[in-house]
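# Working through the structure, step by step
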Amino acid sequence: HLGPLGQYLKRTDPAFSPDGRTVAFSRRTSWSSSEIWLLAVTTDLEAESEPVPLTSEGLGATDPAFTADGRSVVFSVGAAWGELVPGLMVVDVSARGGKARRLLGGESGEQPATSPSGGLVFVRSARDENIWRLPLVEGGPRRPTQLVASTRRDCEPRFSSDGRRISFASGRSGNLPVEVQAHLG
């Protein structure tokens, strides 16, 4: 039970700093985004001040976890909203509102947890969406064939006006920019 902290946290992934004096939590900033916030607390879990934003990524930041030394927070991006390739980022606590950086090795990671000895565990999703072709000629569907494949998310295919190429979004670079069109031949 978090007592008075509940008014700030409301099921938003609270994580205590190693010294127990700061709580990091995720707060929705719009219907499709959230950021990590910090709240200083007393030993009785009373808020010492109003919460302050730690991140300003606009990427659906969730699941904060303090590093063992309490100087940084590791968090998930993209996983909660399904629009981006999930990943782990890290931000220095002193950088309030500053720029976070991708955590090398945390691609497709979410739900991080840290240990007092400095270890990190997380969930890695194996989402692999590819684009398939299904001819709808001569009265009905035939057998689908894979058209575009990668180890990342390829989605939202759209035909060109002449029907000879498609454009699509791809997570190959860590987000979902529109890819160069694939020839249908």
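Refer to the structure presented above.
Below is a short write-up of the structure. Please read all numbers here as calculations on a predicted model, not as lab measurements.

### So, the sheet that holds strand 4 (residues 52-53)
Judged by pairing direction, the sheet is antiparallel, and its four strands sit side by side in the order 1-2-3-4 without closing on themselves. Edge positions in the sheet fall to strand 1 (15-16) and strand 4, since each of these pairs with one other strand and no more. Bridge count between strand 3 (residues 33-40) and strand 4: two bridges; the pairing is antiparallel. When the bridges of strand 4 are listed, Trp37 appears paired with Pro53.

### Regarding the pairing of strand 3
With seven of eight residues buried, strand 3 lies mostly within the body of the structure. Of the pairings in the sheet, the one linking strand 2 (residues 22-30) to strand 3 comprises eight bridges and is antiparallel in character. Bridge pairing in strand 3 places Thr22 opposite Ala40.

### Some words on the nonpolar core
General note: in soluble globular proteins, nonpolar side chains tend to be found buried as a group. In terms of nonpolar packing, the biggest core is built from 13 residues, with Ile36, Leu38, Leu54, Phe66, Val73, Phe75 and Val91 touching the most fellow members. Looking at this core, the elements with two or more residues in it are strand 3, strand 6 (72-77) and strand 7 (87-92). Per-element tally for this core: the top contributor is strand 6, with three residues. Excluding residues that lie within four positions of it along the chain, Ile36 makes contacts with Ala24, Phe25, Ser26, Pro53, Leu54, Thr55, Ala61, Thr62, Pro64, Val73 and Phe75. Counting residues in each nonpolar core, the second largest holds five residues, with Val23, Phe25, Leu39 and Val41 among its members.

### What about the sheet that holds strand 7?
An order of 5-6-7-8 is seen for the four strands of this open sheet, with the pairing classed as antiparallel. The outermost strands of the open sheet, each flanked by one partner alone, are strand 5 (62-66) and strand 8 (101-107). Between one strand axis and the next, the sheet turns through 30° on average, direction left out of account. Pairing between strand 5 and strand 6: three bridges, direction antiparallel. Looking at the pairing, Ala65 lines up with Val74 of strand 6.

### Regarding the pattern of salt bridges
Overall, the coordinates contain one salt bridge when judged by the stated rule. The closest approach of N and O atoms between Glu48 and Arg21, which form a salt bridge, is 2.5 Å. Here Glu48 is found in the loop between strand 3 and strand 4, whereas its partner Arg21 is found in the loop between strand 1 and strand 2, with 27 residues between them in sequence.

Each value, and the rule that gives it
Throughout, residues of each chain are indexed from 1 in the direction in which the sequence is written. Reporting in this predicted model follows two pLDDT cut-offs: at least 70 for local features of residues, and 80 or more for side-chain atom pairs to be given and counted; totals over whole chains, interfaces and linings ignore these cut-offs and use all residues. Computation of side-chain values covers all heavy atoms of the structure but excludes hydrogens and water. Strands pair, by our definition, only if DSSP identifies at least two bridges between them. A helix here means a DSSP run of H or I that spans at least four residues, while a strand means a run of E at least two residues long, and both kinds are numbered starting from the N terminus. The rule is simple: take the accessible area with a 1.4 Å probe, protein chains only, and divide by the maximum for that residue type; under 20% is buried, over 50% is exposed, in between is partly exposed. Among buried residues, the Ala, Val, Leu, Ile, Met, Phe, Trp, Tyr and Cys ones that are joined through side-chain atoms within 4.5 Å form a nonpolar core. By the convention used here, residues are in contact when the closest approach between their heavy atoms is within 4.5 Å. The axes are straight lines fitted to the C-alpha atoms, using for helices just the contacting stretch, and the angles between their N-to-C directions are given from 0 to 180°. Counted as salt bridges are all cases of a side-chain nitrogen of Lys or Arg within 4 Å of a carboxyl oxygen of Asp or Glu.

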